Amino acid sequence: MNFNKKFITLIICSISILTSCEDYLDIVPDGTQELRLLFNRKETAYNALANSYSYLPQNDGTYASYVLMSDELAVPVPKEPDAIRLMKGQQTVSSPLMGYWNGYGAIGRGQGSLWEGIRSCNILIENIDLVVDMNQSEKNQWKAEAKFLKAYYHFLLLSNYGPIPIIDVNLPISASDEEVRVKRETVDDCFTYIVQTIDEAINDLPVKIIGNNDVGRIDQVIAKAIKAKVLLFSASPLFNGNSEFYSNFVNSNGEHFFNHTYDESKWDLAAKAAKEALDAALAQGTSIYYYTGAAPLFDTNNFQFKLVRDQYNHRFSITDPWNSELIWGNSNPVTNGQFWQIQSPAMMKNPTSSSVEASWQWLAPTLRIAETYYTKNGLPIDQDLSFDYSDRYGVTNIAFNQRFYAQFGNRTAKLNLNREARFYASIGFDRGINRTWGSIWNLKMRKSEIHGRIANTGDYLVTGYALKKLVHQDSEGDAYNKAVTYPWPMIRLSDLYLMYAEALNELSGPSTEVYNALNVIRERAGIPTVQDAWSNAALAATPNKHTSKEGLREIIQQERMIELAFEGHRYYDIRRWKLADKYFTAPIQGWSVDEDSEANYYRIMSVGQRSFSTPRDYLQPISFTELSRNPNLIQNPGW
């Protein structure tokens, strides 16, 4: 694997050195001798650059990850991370869960406060010119990287808290109490600042990072892609003309934090930024991923079939390290050997192995997500006339032509059959097939069966579904160092295509250009084009739904939920679309995994709860501690 060994090492070292003393860069006063020594030479200054990167969220860390903060996944109650507790309505103002404002602890590695990350970026920007053994071009690049990271951290804070203070420069040690007590700016001012800062950074960034020693560092393609995402959020309903939620949310001067008038031109900016980012990525060789490796021995005979290859294309688009589709990956992943890597709770146990320490088998996709994936015809299951939606929980025989994803001659729920390749690449089910531990498993998941719940063990899949997508199929769970490590995908090319399609549709409605952006992804998924799927009156329950802006909006949203499932996007997408009441308030459901008979196992049961209070939970709370320190801050509505 072509990991950036040098850069990763520096990040790890900087985390150890610079945080062991309560974050060295955050306790050394600006302008002191210690800080000047840090920026005396390139070698020591590199620690400051690596420290700025070290605040990037770690979504492949089970207990720190936002991947679990939605309705996509469920775990046994005693094993619930804070992300799931938050989604169950257990957020507090006294000690906020998963808060980027103050940072948060987590088993393995926690998350530092993004304000500290911003301060570290500003320290580098303000001091890098002191380094004597760097040329100006290199100094400018490092400044640009820090500027981008500073903008990105502001964006993450804005995404979670709405209006935030803008910290463009660090306050001097001589600052007065009132200067230190910063105020929250309007949402529009925050978005403007973030975009302007990214634009400033782009000028001095390399066009594309190529060398293996620098993968994961910011380049123009990454910066343009994130700029497109920022502008997409700015144009979305949560932030664009939201008087419904925030008509009374004002600052001390009576100024509204959220704009109250919908501005269509924001979609124009988002569409243009997404197109610019797409063009830049494609020009530098980024491409939709297709698996080009040799077929594993266990799949040699199956690889002639397109459905099998389509599954490889989707699954390896995540787990093949630094592949062609990855625009930005985290170069400091949770590596093999670290038990909190997200592959471990997702990986199924091998009953024949002498050790299963690194396979916990308790991160389970929910029934709702299983139902979100399309049929083989590229339509939602409730829109495909050939799919028995009314009896989808009924059990049927598995046919011979379904043998590439389920066990011929066995029986499973109709819901699990005749689905698209992304379903089979992402989700394991009873009497299905799982490519894992370097082999093919025939899954038997009822209680006391080989892959089901054994007695009253606490390691079990509470919904009866297994998560394949985040597990490299060659990872083995008998030891932590046998997991195949890959950089967590922070943005992929498919995400850009989806952003472009969404922005363009919101701006001007359905068009060939919107369809083409969606069809690039659907082609890789092995399903018909948007036009072919939705114009077929013999199959589509709502024929030509794709020809209206409202209909295509729903299609684009579902395409996004499918393509980017389990990657940490859903919590943010559902909120920016203002759809949390629809998705985040219903019980989590699954099969009756404590039953051993077919008739009893295939009954739907509730296995958990999701709670969301509108509008309160659209924004996370600022802690009481912060409010007492800075009376100029105003708490988010409802907290």
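Residues numbered from 1 in each chain as written. Predicted model: local features only at pLDDT ≥ 70, side-chain atom pairs only at ≥ 80, totals over all residues. Heavy atoms only, no water.

Let's shift gears to the layout of surface pockets. Quantified by volume, the second largest pocket comes out at close to 540 Å³. Lining the second largest pocket are 21 residues, with Pro380, Asp382, Gln558, Lys582 and Tyr583 positioned closest to its centre. Sorting the residues of the lining of the second largest pocket by element identifies helix H15 (367–372), helix H20 (549–563) and helix H22 (580–583) as the ones contributing at least two each. The greatest single-element share of the lining of the second largest pocket, amounting to five residues, is contributed by H20. (1 Å grid on protein atoms, 1.4 Å probe; cavity = no way out; pocket = protein on both sides within 12 Å on 5 of 7 lines; lining within 4 Å. Points joined across faces, edges and corners; volume = space filled by probe spheres on them. Helix = DSSP H or I, 4+ residues; strand = E, 2+ residues; numbered from the N terminus.)

Attention shifts here to the pattern of salt bridges. Considering all chains together, one arrives at 49 salt bridges under this definition. With a shortest N-O distance of 3.0 Å, aspartate 430 and arginine 446 are connected by a salt bridge. Of this pair, aspartate 430 sits in the loop between strand S8 (427–428) and strand S9 (433–436) while arginine 446 sits in the loop between strand S10 (439–442) and strand S11 (466–467); the two residues are 16 residues apart in sequence, bridging distant segments of the chain. A single burial state applies to aspartate 430 and to arginine 446, both of which are buried. (Salt bridge = Lys/Arg side-chain N within 4 Å of Asp/Glu carboxyl O. Buried < 20%, exposed > 50% of the residue type's maximum accessible area, 1.4 Å probe, protein only.)

Attention now goes to the pairing of S10. Where S9 meets S10, four bridges bridge the pair, whose relative direction is antiparallel. Bridging from a neighbouring strand, asparagine 434 pairs with tryptophan 441 of S10. Where S9 hands over to S10, the hairpin turn is made up of two residues, of which tryptophan 437 adopts a positive phi near 55°. (Pairing = 2+ DSSP bridges.)

Moving on: the side chain of serine 344. Within the fold, serine 344 resides in helix H14 (residues 343–346). The class of serine 344 is buried, set by a relative accessible area of 1%. Within the structure, the side chain of serine 344 is placed 3.1 Å from the backbone oxygen of alanine 358, a separation counted as a polar contact. The contact partners of serine 344, leaving out residues within four places of it in the chain, are Phe339, Ala358, Ser359, Trp360, Gln361 and Tyr480. (Polar contact = N/O pair within 3.5 Å; in protein donor to acceptor, adjacent residues only side chain to side chain. Contact = heavy atoms within 4.5 Å.)

Bringing the packing of helix H7 (residues 136–161) against helix H10 (residues 220–235) into the picture now. Where H7 meets H10, the axes come as close as 11 Å, and the angle between the chain directions of the two elements is 25°. For the element pair H7 / H10, the angle class is roughly parallel. For the pair H7 and H10, the sense of crossing is left-handed. Together, Phe148, Tyr152, Phe155 and Ser159 of H7 and Ile222, Ala223, Ile226, Lys229, Val230 and Phe233 of H10 make up the contact between the two elements. (Axes fitted to C-alpha atoms, helices over the stretch in contact; angles between N-to-C directions. Parallel < 35°, antiparallel > 145°, perpendicular 65-115°, else oblique. Left-handed = near helix turned anticlockwise from the far one by under 90°.)

A separate point is the environment of tryptophan 437. Its location among the elements puts tryptophan 437 in the loop between S9 and S10. Spatially, the C-alpha atoms of tryptophan 437 and glutamate 255 are 58 Å apart, while their sequence positions differ by 182 residues. Engagement of the side chain of tryptophan 437 in a polar contact is seen with the backbone oxygen of methionine 348, the distance being 3.0 Å.

Another aspect to go through is helix H13 (residues 306–319). For H13, with 14 residues, the first-to-last C-alpha span of 20 Å sits near the 20 Å given by 1.5 Å per residue. With eleven of 14 residues buried, H13 is to be regarded as a mostly interior element. Along H13, the residues classified as buried are Val308, Asp310, Gln311, Tyr312, Asn313, His314, Arg315, Phe316, Ser317, Ile318 and Thr319. Close packing links the buried residues of H13 with helix H16 (421–426), S9, strand S12 (489–492), helix H18 (512–525) and H20. (Expected span 1.5 Å × (residues − 1).)

With that settled, the discussion passes to empty space enclosed by the protein. Using the criterion set out here, one finds eleven cavities of 30 Å³ or more in the structure. Roughly 330 Å³ of internal volume is contained in the largest cavity. Contributing to the lining of the largest cavity are 20 residues, with Asn59, Tyr152, Leu156, Gly568 and Tyr572 lying nearest its centre. Counting residues per element, the ones that place at least two in the lining of the largest cavity are H7, H10, S12 and helix H21 (570–576). With four residues, the single largest contributor to the lining of the largest cavity is H7. Across the lining of the largest cavity, the residue classes break down as twelve nonpolar, four polar and four charged. In this structure, the second largest cavity occupies an estimated 110 Å³ of space. The greatest single-element share of the lining of the second largest cavity, amounting to four residues, is contributed by helix H5 (residues 82–90). The residue makeup of the lining of the second largest cavity, split by class, is seven nonpolar, five polar and two charged. (Nonpolar A, V, L, I, M, F, W, Y, C, P; charged D, E, K, R; others polar.)

The next point concerns unusual backbone geometry. Put simply, threonine 614 and proline 615 share a cis peptide bond, and its omega is 5°. By the secondary structure assignment, proline 615 is in the loop between strand S14 (604–608) and helix H24 (624–629). Of note in the backbone geometry, methionine 98 takes a positive phi value of approximately 55° without being a glycine. As for its placement among the helices and strands, methionine 98 is situated in the loop between H5 and strand S2 (103–104).

Moving on to the nonpolar core. Phe39, Phe148 and Trp328 are the most contacted members of the largest nonpolar core, which totals 188 residues. Per element, the largest residue contribution to this core is 13 residues, and it comes from H7. If you look at the next biggest cluster of nonpolar residues, it comprises seven residues, including Tyr289, Phe303, Phe316 and Phe404. (Core = buried A, V, L, I, M, F, W, Y, C linked by side-chain atoms within 4.5 Å.)

Looking now at the environment of glutamate 34. Inspection of the secondary structure puts glutamate 34 in helix H3 (residues 33–38). As a C-alpha pair, glutamate 34 and leucine 470 span 436 residues in sequence and 43 Å in three-dimensional space.

Let us look at H18. For H18, with 14 residues, the first-to-last C-alpha span of 19 Å sits near the 20 Å given by 1.5 Å per residue. Of all the bends found along H18, the most pronounced is centred on asparagine 519 and spans about 30°. For H18, the full list of buried residues reads Val514, Tyr515, Ala517, Leu518, Asn519, Ile521, Arg522, Arg524 and Ala525. At its buried positions, H18 is contacted by H13, H16, S12, helix H17 (493–508), helix H19 (530–534) and H20. With its phi angle positive at about 80°, glycine 526 sits one or two positions after the end of H18. (Bend = angle between axes of the 7 residues up to and from the residue.)

As a further point, take the environment of asparagine 301. Of note, asparagine 301 is situated in the loop between helix H12 (265–283) and H13. On the accessibility criterion, asparagine 301 (62% relative accessible area) is exposed. With 243 residues separating them in the primary sequence, asparagine 301 and asparagine 544 have C-alpha atoms 39 Å apart.

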